[in-house]
Amino acid sequence: MKDKAFDLEARLISLSVRVIRLAEALPRNPTGNHVRGQVLRSGTAGAPNYAEAQGAESRADFVHKMKIVLKELRETGVWLRVIQEAGLIKPAFTLNALLDETNELIAIFVSSVKTASKER
């Protein structure tokens, strides 16, 4: 059976790789270049920030780092929708699976932050 932490880390790494591949497929023009930089920054930030959360020095530090992962995932979701709605990748529906994974990870991290934030 896979360890849940490893599973989550693997999913975040997979998301990063998929975002990198998406970024490489964006048009080489001013719009594509801007969006590429933005989606690359947010879309590849989750995994390393999650790794930092695993080494948190306190519960507060852990929650803070998990909130950063959540923030980056939400930003990635917005950029993916921008790419989709602007038609920067065609056909636009090819982004649906990536958006679904991003939304699933957001839901997981919302729940994790709520759980970790509870007073004990």
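This one's a predicted model, so the numbers in the text were calculated from it and none came from an experiment. (Residues numbered from 1 in each chain as written. Predicted model: local features only at pLDDT ≥ 70, side-chain atom pairs only at ≥ 80, totals over all residues. Heavy atoms only, no water.)

Assigned secondary structure in the protein consists of five helices and zero strands. From first element to last, N terminus to C terminus, the protein shows the α and β order α-α-α-α-α. In terms of C-alpha radius of gyration, the protein reaches 15 Å, essentially the compact-globule figure of 14 Å for 120 residues. If you line up the protein on its principal axes, its C-alpha atoms span 50 × 30 × 20 Å. Classification of the 120 residues of the protein by burial places 40% in the buried group. When contacts within the protein are restricted to residue pairs at least 6 apart in sequence, long-range pairs at least 24 apart make up 69% of them. Taken as a whole, the protein presents about 7100 Å² of accessible surface, with 56% of it coming from carbon and sulfur. Separation of charge centres in the protein, based on 18 positive and 14 negative side chains, amounts to 3 Å. (Helix = DSSP H or I, 4+ residues; strand = E, 2+ residues; numbered from the N terminus. Rg over C-alpha atoms; globule rule 2.2 N^0.38 Å. Buried < 20%, exposed > 50% of the residue type's maximum accessible area, 1.4 Å probe, protein only. Contact = heavy atoms within 4.5 Å. Areas by Shrake-Rupley, 256 points an atom, 1.4 Å probe, with all protein chains shown as cover. Lys, Arg positive; Asp, Glu negative; His and termini not counted. Charge placed at Lys NZ, Arg CZ, Asp CG, Glu CD.)

Bringing the pattern of salt bridges into the picture now. Under the defined criterion, the tally for this structure stands at five salt bridges. Linking Glu24 and Arg28 is a salt bridge whose minimum nitrogen-to-oxygen distance equals 3.1 Å. By sharing partners, the salt bridges in this structure join Arg11, Glu101 and Glu104 into a single network. (Salt bridge = Lys/Arg side-chain N within 4 Å of Asp/Glu carboxyl O.)

Here we come to the nonpolar core. Generally speaking, nonpolar side chains in soluble globular proteins are found buried as a group. Counting 30 residues, the largest nonpolar core has Val39, Leu73, Ile83 and Phe109 as its most contacted members. Every element with two or more residues in this core is listed here: α1 (4–25), α2 (30–43), α3 (46–54), α4 (59–86) and α5 (96–117). If we ignore the near neighbours within four places in the chain, the residues touching Leu73 are Leu12, Leu15, Thr102, Leu105, Ile106 and Phe109. (Core = buried A, V, L, I, M, F, W, Y, C linked by side-chain atoms within 4.5 Å.)

Here we take up the side chain of Gln84. Within the secondary structure, Gln84 sits in helix α4. Of note is the side chain of Gln84, whose polar atom sits 3.0 Å from the backbone oxygen of Ala92. For Gln84, the residues in contact, after removing those within four places along its chain, are Ala92, Phe93, Leu95, Asn96 and Leu99. (Polar contact = N/O pair within 3.5 Å; in protein donor to acceptor, adjacent residues only side chain to side chain.)

In this model, α5 (22 residues) spans 31 Å end to end at C-alpha, consistent with the 32 Å of a helix rising 1.5 Å per residue. For α5, the set of buried residues is Leu98, Leu99, Glu101, Thr102, Leu105, Ile106, Phe109, Val113 and Ala116. One side of α5 carries all its buried residues, which in axial view fall inside an arc of 155°. (Expected span 1.5 Å × (residues − 1). Arc of directions from axis to C-beta.)

Attention shifts here to the environment of Arg81. Examined against the element boundaries, Arg81 turns out to sit in helix α4. C-alpha separation for the pair Arg81 and Arg41, spaced 40 residues apart in sequence, amounts to 16 Å.

What follows is about the packing of α4 against α5. In the contact formed by α4 and α5, the axes pass within 9 Å of each other and the chain directions differ by 160°. As summarised for this structure, α4 and α5 are arranged roughly antiparallel, according to the angle between their axes. When the axes of α4 and α5 are compared, the crossing they make is left-handed. Tallied by class, residues from the contact of α4 with α5 come to 15 nonpolar, seven polar and four charged. (Axes fitted to C-alpha atoms, helices over the stretch in contact; angles between N-to-C directions. Parallel < 35°, antiparallel > 145°, perpendicular 65-115°, else oblique. Left-handed = near helix turned anticlockwise from the far one by under 90°. Nonpolar A, V, L, I, M, F, W, Y, C, P; charged D, E, K, R; others polar.)

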